[in-house]
Amino acid sequence: MEIIGIICEYNPFHNGHLYHINEIKKMYPNSIIILVLNGYFLERGEISILSKEDKTKIALENGIDIVLELPFIFGTQSADNFAECSIKILNNFKINKLIFGSESNDITLLTNIAKKQFSNEFNQNVKKYLDEGINYPTALARSLNINDFTFSPNDLLGISYIKSIIKNNYNIDAISIKRSNNYHDIESNDSIISASNIREKIKNNINIEKFVPQNIINKIINVNYNKYFDLLKYKINTDNNLNNYLDVDEGIEYRLKKYINCSKNIDEFIKKIKTKRYTFNKLNRMFIHILLSMNKNINYKLEYIKILGFNKVGKKYLNSLKKIEITTKTNKESLQYEFEIKASIIFDVINNTNIYEFELKNKPIIKE
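Let me sum up the structure you'll find in this document. None of these values were measured; they are calculated from a predicted model.

### Topic: the overall build of the protein chain
Along its length, the protein chain carries 16 helices and 7 strands. For a compact globule of 368 residues, the expected C-alpha radius of gyration is about 21 Å, and the protein chain comes in at 20 Å, within 12% of that figure. Across its three principal axes, the protein chain shows a C-alpha extent of roughly 55 × 50 × 45 Å. Pairs at least 24 apart in sequence give 73% of the contacts found in the protein chain among residues at least 6 apart. Summing over all exposed atoms, the protein chain offers an accessible surface of approximately 17400 Å²; the carbon and sulfur share of this is 45%. Across the protein chain, the centroid of the 51 positively charged side chains sits 2 Å from that of the 42 negatively charged ones.

### Notes on the sheet that holds strand β6 (residues 307–311)
Here 7 strands make up an open sheet; going across it, the order is β5-β4-β1-β2-β3-β6-β7 and the pairing mixed. Every other strand in the sheet has two partners, leaving β5 (173–178) and β7 (365–367) as the edge strands with one partner each. Across the sheet, the mean angle separating the axes of adjacent strands is 20 degrees when strand polarity is ignored. The sheet contacts of helix α14 (residues 312–320) involve β1 (3–8), β2 (32–38), β3 (66–70), β6 and β7, and relative to β6 the element is tilted by about 115 degrees.

### Description of empty space enclosed by the protein
Counted according to the given criterion, the structure contains 3 cavities of 30 Å³ or more. As a volume, the largest cavity reaches approximately 640 Å³. Taken together, 32 residues form the lining of the largest cavity, with Cys-8, His-14, His-17, Asn-154 and Arg-179 sitting closest to its centre. Taken together, the elements giving at least two residues each to the lining of the largest cavity come down to β1, α1 (15–27), β4 (97–102), α8 (153–167), β5 and α9 (195–203).

### Looking at the pattern of salt bridges
Enumeration according to the criterion identifies 15 salt bridges in this entry. One network of salt bridges, with partners in common, ties together Lys-52, Glu-69, Lys-306, Glu-340 and Glu-359.

### Re unusual backbone geometry
For the bond from Asn-11 to Pro-12, the omega torsion is 0 degrees, close enough to zero to count as cis. Position of Pro-12 among the secondary structure elements: in the loop between β1 and α1. One non-glycine residue with positive phi stands out, namely Tyr-10, at about 50 degrees. With respect to the element layout, Tyr-10 can be found in the loop between β1 and α1. In this model, Glu-250 sits at a positive phi of 55 degrees, which is unusual for a non-glycine residue.

### Details of the nonpolar core
If you look at the biggest cluster of nonpolar residues, it comprises 120 residues, and the most contacted ones within it are Tyr-10, Ile-34, Phe-41, Leu-98, Phe-151, Phe-269 and Phe-287. With residues near it in sequence (within four places) discarded, Phe-41 still touches Glu-46, Ile-47, Phe-72, Gly-75, Thr-76, Ile-288, Ala-343, Ile-346, Phe-347 and Ile-350.

### Focus on the side chain of Gln-336
Here Gln-336 shows up in helix α15 (residues 335–351). Take Gln-336: its relative accessible area is 1%, and that puts it in the buried class. Every residue in contact with Gln-336, bar those within four places of it in the chain, is listed here: Pro-71, Ile-73, Lys-301, Leu-302, Glu-303 and Tyr-304.

### Here's the deal with the packing of helix α5 (residues 107–116) against α8
Across the interface, α5 lies against α8 with an axial gap of 8 Å and an inter-helix angle of 60 degrees. With respect to each other, α5 and α8 are oriented oblique. For the pair α5 and α8, the sense of crossing is right-handed. Contacts between α5 and α8 pair Ile-107, Leu-110, Thr-111, Ile-113, Ala-114 and Lys-115 from the former with Asp-155, Ile-159, Ile-162, Lys-163 and Ile-166 from the latter. Class assignment for the residues of the contact of α5 with α8 results in 7 nonpolar, 1 polar and 3 charged.

### Digging into helix α12 (residues 266–273)
What α12 keeps buried is the set Ile-266, Phe-269, Ile-270 and Ile-273. One face of α12 carries all of its buried residues, which in axial projection span an arc of 100 degrees. The inward-facing, buried residues of α12 contact α10 (225–238), α11 (252–259) and α13 (280–291). For α12, the side-chain oxygen to backbone nitrogen distance between the N-cap and Asp-267 is 3.2 Å, and the N-cap itself is Asn-265.

### Considering the packing of aromatic side chains
Evaluation of the coordinates by the stated rule reveals 11 aromatic pairs. Between Phe-41 and Phe-72, the aromatic rings sit 6.1 Å apart at their centres with planes inclined by 80 degrees, giving edge-to-face as the arrangement. Of this pair, Phe-41 sits in the loop between β2 and α2 (52–61) while Phe-72 sits in helix α3 (residues 72–75), and the two are 31 residues apart along the sequence. These aromatic residues form a ring-pair network of at least three members: Tyr-40, Phe-41, Phe-72, Tyr-300, Phe-339 and Phe-347. Taking the ring centre of Tyr-278 as reference, the NZ or CZ of Lys-282 above it sits at 4.7 Å.

### Description of the layout of surface pockets
Gaps left between atoms show up when a probe the size of a water molecule is rolled over them. Within this model, the second largest pocket holds a volume of roughly 170 Å³. Along the walls of the second largest pocket sit Asp-80, Asn-81, Glu-84, Phe-118, Ser-160, Lys-163, Ser-164 and Lys-167, which together make up its complete lining. Contributions of two or more residues to the lining of the second largest pocket are made by α4 (79–92) and α8. No other element matches the 4 residues that α8 contributes to the lining of the second largest pocket.

The rules behind the values
Residues numbered from 1 in each chain as written. Predicted model: local features only at pLDDT ≥ 70, side-chain atom pairs only at ≥ 80, totals over all residues. Heavy atoms only, no water. Helix = DSSP H or I, 4+ residues; strand = E, 2+ residues; numbered from the N terminus. Rg over C-alpha atoms; globule rule 2.2 N^0.38 Å. Contact = heavy atoms within 4.5 Å. Areas by Shrake-Rupley, 256 points an atom, 1.4 Å probe, with all protein chains shown as cover. Lys, Arg positive; Asp, Glu negative; His and termini not counted. Charge placed at Lys NZ, Arg CZ, Asp CG, Glu CD. Pairing = 2+ DSSP bridges. Axes fitted to C-alpha atoms, helices over the stretch in contact; angles between N-to-C directions. 1 Å grid on protein atoms, 1.4 Å probe; cavity = no way out; pocket = protein on both sides within 12 Å on 5 of 7 lines; lining within 4 Å. Points joined across faces, edges and corners; volume = space filled by probe spheres on them. Salt bridge = Lys/Arg side-chain N within 4 Å of Asp/Glu carboxyl O. Core = buried A, V, L, I, M, F, W, Y, C linked by side-chain atoms within 4.5 Å. Buried < 20%, exposed > 50% of the residue type's maximum accessible area, 1.4 Å probe, protein only. Parallel < 35°, antiparallel > 145°, perpendicular 65-115°, else oblique. Left-handed = near helix turned anticlockwise from the far one by under 90°. Nonpolar A, V, L, I, M, F, W, Y, C, P; charged D, E, K, R; others polar. Arc of directions from axis to C-beta. Polar contact = N/O pair within 3.5 Å; in protein donor to acceptor, adjacent residues only side chain to side chain. Phe/Tyr/Trp six-rings, centres within 6.5 Å; stacked < 30°, edge-to-face > 60°. Lys NZ or Arg CZ within 6 Å of the ring centre and 35° of its normal.

If you want it as structure tokens, here you go:
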């Protein structure tokens, strides 16, 4: 039996995600599919438009056997840290294959790129280019002397996944499925489009029924970015130690203080402080870290793995596991749990939801 791992954010769950799951089932009909799921705040610093609870239920309703939590402290970090924790979680549950969407769908090329990143020369070159104000994909391409390959978002994540597998000597095969849409395309109307395209359509009050499975639309949360900006504005104005927080580097805290009060909303604020080094995604991640006071000087660790949900097949597999290196018992004294609770509270304040109760229950969702 194949034990398949996937890593997703479901912001929102859409036809492309369903295609991903169905393709896996075609390739490996008798497999177990284990999902590592990001929660309230995402890898690119976005606020999820589905709650963690609803995302778990949706995953189980659409063919996932076990859903595991990607903790907030790793889910809002850059690709390498995001991937490292996700793969570590999946390895604990004994997956033998990782299947992810890819723009290039060239697993050999992605693996070769991942292997090249272990040299000191490569790391020095990336740092040099970043210091010059070049964005990460371009710095990566130059450091690898690759001029004919586009480092698209899912390929970049795929490279990070493969790099983590190699680095930790995990017995996991990386397999890609061709992504049929462009992450940056926010205009197409095919049945399978990117999550960013769907979010843009929601923003413009365009019907999205064509792009998502049934029963998704009524679960979508209209994120209150005005309230989010107000919270961020208060935090930046009242905290004199912004440079203590993750991603707040190189004096960016002075730009934050300078422009926060003359900006009307989050988009205007980003435009005023954005630089080549501080990209849109990095700024959004930084805002979340500031809002939740995520200190850069702490060595964050994966202290437990939370099982968010499972079905009958998943339950049988969980019972068959004899040994898991990292406990599945929630440690309520840990930083990991503290930030998960804080994330749910901030999410509730922004969106007028009641997600906090789901975190306090701390019980997996069981699909009979």
